[in-house]
Amino acid sequence: DNVMKSKKTTQETPKFPYSLRSIYLRDCTTWIDKGFDPLLPGQDLSAVFRTGEGRVDCRESTMKVNDGETKIHSCTFTTRFDFAYSKVTESNTPQSDDDIEKAFVVKITAEVSVDYIINTPDFPDAEMLHRWGNSNVMLHLWPYWREFVQNMLARMNLPTITLPVFRLEDTTKIKRKKPDKNIR
């Protein structure tokens with residue numbers, strides 16, 4: 001019998017440098033201008049949304065495991081998001097950022113954090129953290145932010161809007177979306 005036998009080798013599962021541990025709301029505020037009535041139908045509203053600069057906090061923690069302790073490296077990226085409606089009138093369409101902010105009748109702001117376990121012996125350098133913060137972090141946070149805005153608008157008895165899907169080139173630009181002529 002001429003049977004070929006092959007050696008079985010075990011292939012090690014690759015270890016990614018970051019493992020998503022949690023996404024959570026750190027802080028939020030909502031505001032409706034005292035002179036604005038969200039119950040009036042047919043109001044011409046314009047949506048503005050922004051993504052602020054983020055921050056990162058890396059740390060080493062000690063965790064008790066069974067009878068011993070183990071050290072964990074983690075980095076938490078926190079980003080501020082803003083959404084607002086402004087009431088638009090034909091005679092007074094805001095043009096500058098200051099004019100737009102003065103025209104706000106509704107604001108929703110949130111700071112959302114995403115936490116990663118670092119699976120390398122050393123923390124990533126500043127450049128790597130910056131690249132990760134402007135790419136994967138935003139890909140993880142954006143769906144959370146989209147749902148939060150839609151949910152809060154509904155709870156505030158306002159027209160809901162679905163923010164667009166996140167694209168990597170959108171990380172620091174001010175986003176403005178003009179809805180159809182009439183949202184309500």
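The following paragraphs examine the structure supplied in this document. Remember, it's a predicted structure, so these values are computed and weren't measured experimentally.

## Some thoughts on helix α3 (residues 136-155)
Thinking step 1. Its 20 residues give α3 an end-to-end C-alpha distance of 30 Å, which sits within 8% of 28 Å, the value for a rise of 1.5 Å per residue.
Thinking step 2. Bending of α3 peaks at approximately 30 degrees at the position of W142, with proline P143 no more than four residues after it.
Thinking step 3. Listing the buried residues of α3 in full gives V137, M138, L141, W142, W145, F148, V149, M152 and L153.
Thinking step 4. Elements in contact with the buried residues of α3: β1 (18-32), β2 (45-51), β4 (68-87), β5 (104-118) and α2 (126-133).
Thinking step 5. A positive backbone phi angle near 60 degrees is found at N157, which sits one or two residues after α3.

## A word on the pattern of salt bridges
Thinking step 1. For the coordinates displayed, the defined rule picks out 8 salt bridges.
Thinking step 2. In this structure, D115 and R21 form a salt bridge, with 2.5 Å as the shortest nitrogen-oxygen distance. In this pair, D115 sits in strand β5 while R21 sits in strand β1, placing the two residues 94 residues apart along the sequence.
Thinking step 3. When its relative accessible area of 3% is taken as the criterion, D115 is described as buried.
Thinking step 4. Note that E127 is salt-bridged to R131, the shortest N-O span being 3.8 Å. Placement of both E127 and R131 in helix α2 is noted, with a separation of 4 residues, approximately one turn of the helix.
Thinking step 5. Here the salt bridges do not stand alone but share partners, grouping R21, D57, R59 and D115 into one network.

The rules behind the values
- Residues numbered from 1 in each chain as written.
- Predicted model: local features only at pLDDT ≥ 70, side-chain atom pairs only at ≥ 80, totals over all residues.
- Heavy atoms only, no water.
- Helix = DSSP H or I, 4+ residues; strand = E, 2+ residues; numbered from the N terminus.
- Expected span 1.5 Å × (residues − 1).
- Bend = angle between axes of the 7 residues up to and from the residue.
- Buried < 20%, exposed > 50% of the residue type's maximum accessible area, 1.4 Å probe, protein only.
- Contact = heavy atoms within 4.5 Å.
- Salt bridge = Lys/Arg side-chain N within 4 Å of Asp/Glu carboxyl O.

Read these as geometric descriptors, not functional statements.
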